[in-house]
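The residues making up each chain are set out below.
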Amino acid sequence: MPQTPEEESLGSLVAQATDQISTLVRSEIELAKAEFRFDAKRVGTAGGLFAAAAFMAHLCLILASFAIAFVLAQWLPTWAAFLIVTVFYLVVAGVLVLVGVRKLKGLAGMRRTTRSIKGLKEIATPEPPGAGLVGRHREPVGRDGA
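Residues numbered from 1 in each chain as written. Predicted model: local features only at pLDDT ≥ 70, side-chain atom pairs only at ≥ 80, totals over all residues. Heavy atoms only, no water.

Peer 1: How should I be thinking about the overall build of the chain in this particular structure?
Peer 2: The helix and strand inventory of the chain stands at 3 helices and 2 strands. Ordered by position from N to C terminus, the α and β elements of the chain give α-α-α-β-β. Within the chain, buried positions represent 3% of all 146 residues. A total accessible area of about 13,200 Å² is found for the chain, and carbon and sulfur atoms account for 69% of it. (Helix = DSSP H or I, 4+ residues; strand = E, 2+ residues; numbered from the N terminus. Buried < 20%, exposed > 50% of the residue type's maximum accessible area, 1.4 Å probe, protein only. Areas by Shrake-Rupley, 256 points an atom, 1.4 Å probe, with all protein chains shown as cover.)

Encoded structure:
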């Protein structure tokens, strides 16, 4: 004859709860894996498409550079037109490097996270027995040493 919930022992209730929690955790992990796989495929596909678009844009930039140089070559020698386009791109690259360096100088270096972890470490680390106590009578030591 099956026991009613009132008649079940505490041990069997704990065993059932543990089993159910274990099943729930396993199910959640499987769900997370399935979602991650699905998202990873989508991110991979999108990344490939972005890379192809970037490659095509780079080719367009090269062709546009030639076009600009040949237009300038109508009024200047061809070598001067290509030199002007090259110098323009070097100046743009230099400006981008300067902006990037300024952005890097503003990094905080995870100061708040480091402080937080140190605080957690202080909380989690128990003091050794007798810390701050003196002699056999174990009187606390004050800040002034008295």
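Okay, back to it.
Peer 1: Could you clarify how one ought to interpret the packing of helix α1 (residues 10-72) against helix α2 (residues 78-105) in this entry?
Peer 2: Between two packed helices, the angle of one axis relative to the other and the distance separating the axes together describe the packing. In contact at an axis separation of 8 Å, α1 and α2 are set at 135 degrees when each is read in the N-to-C sense. Classed by the angle they form, the pair α1 and α2 counts as oblique. By crossing handedness, the relation of α1 to α2 is classed as right-handed. When α1 is examined against α2, the residues L61, S65, F66, I68, A69, F70 and L72 are found in contact with a partner set consisting of A81, F82, I84, V85 and Y89. A per-class count over the contact of α1 with α2 returns 11 nonpolar, 1 polar and no charged. (Axes fitted to C-alpha atoms, helices over the stretch in contact; angles between N-to-C directions. Parallel < 35°, antiparallel > 145°, perpendicular 65-115°, else oblique. Left-handed = near helix turned anticlockwise from the far one by under 90°. Contact = heavy atoms within 4.5 Å. Nonpolar A, V, L, I, M, F, W, Y, C, P; charged D, E, K, R; others polar.)

Peer 1: Would you take a moment to explain the confidence of the model for the chain for this structure?
Peer 2: Caution applies to low-pLDDT parts of the model: their predicted coordinates are not meant to be read in detail. The pLDDT averaged across the chain works out to 81; a share of 79% of its residues lies at or above 70. Taken element by element, the predicted model of the chain shows its lowest mean pLDDT in strand β1 (residues 133-134) (54) and its highest in α2 (92). (pLDDT = per-residue confidence, 0-100.)

Peer 1: So what exactly am I meant to see when it comes to the packing of aromatic side chains here?
Peer 2: All chains considered together, the criterion is met by 3 aromatic pairs. Geometrically, the ring pair formed by F66 and F82 is edge-to-face, given 5.6 Å between the ring centres and 70 degrees between the ring planes. One end of the pair, F66, is in helix α1; the other, F82, is in helix α2, and 16 residues separate them in sequence. Residue F82 is classed as partly exposed on the basis of its relative accessible area of 26%. Grouping aromatic residues by their ring pairs yields a cluster made of F66, F70 and F82. (Phe/Tyr/Trp six-rings, centres within 6.5 Å; stacked < 30°, edge-to-face > 60°.)

Peer 1: What should I look at first to understand α2 in this one?
Peer 2: A turn of α-helix holds 3.6 residues, and therefore any two residues three or four places apart point the same way. Under the 1.5 Å per step criterion, the end-to-end length of α2 is 41 Å for 28 residues, consistent within 8% with the ideal 40 Å. When α2 is considered as a whole, its buried residues turn out to be A80, A81 and V85. (Expected span 1.5 Å × (residues − 1).)

Peer 1: For this particular structure, what's the right way to read a nonpolar patch on the surface?
Peer 2: On the surface, F55, M56, L59, I62, F66 and F70 cluster together into a nonpolar patch covering about 590 Å² of accessible area. Owing to a relative accessible area of 41%, F66 belongs among the partly exposed residues under this scheme. (Patch = residues over 30% accessible without salt bridge, like charges linked within 9 Å, V, L, I, M, F, W, Y side chains within 5 Å. Salt bridge = Lys/Arg side-chain N within 4 Å of Asp/Glu carboxyl O.)

Peer 1: Which parts of the structure should I look at to understand the pattern of salt bridges?
Peer 2: Oppositely charged side chains are able to pair whenever their charged atoms sit close together. Taken as a whole and assessed by the stated rule, the structure comprises 1 salt bridge. One salt bridge in this structure joins E30 and K33, with 3.7 Å as the shortest N-O distance. Of this pair, E30 and K33 both sit in helix α1, 3 residues apart, which is roughly one turn of the helix. What makes E30 partly exposed here is its relative accessible area of 45%.

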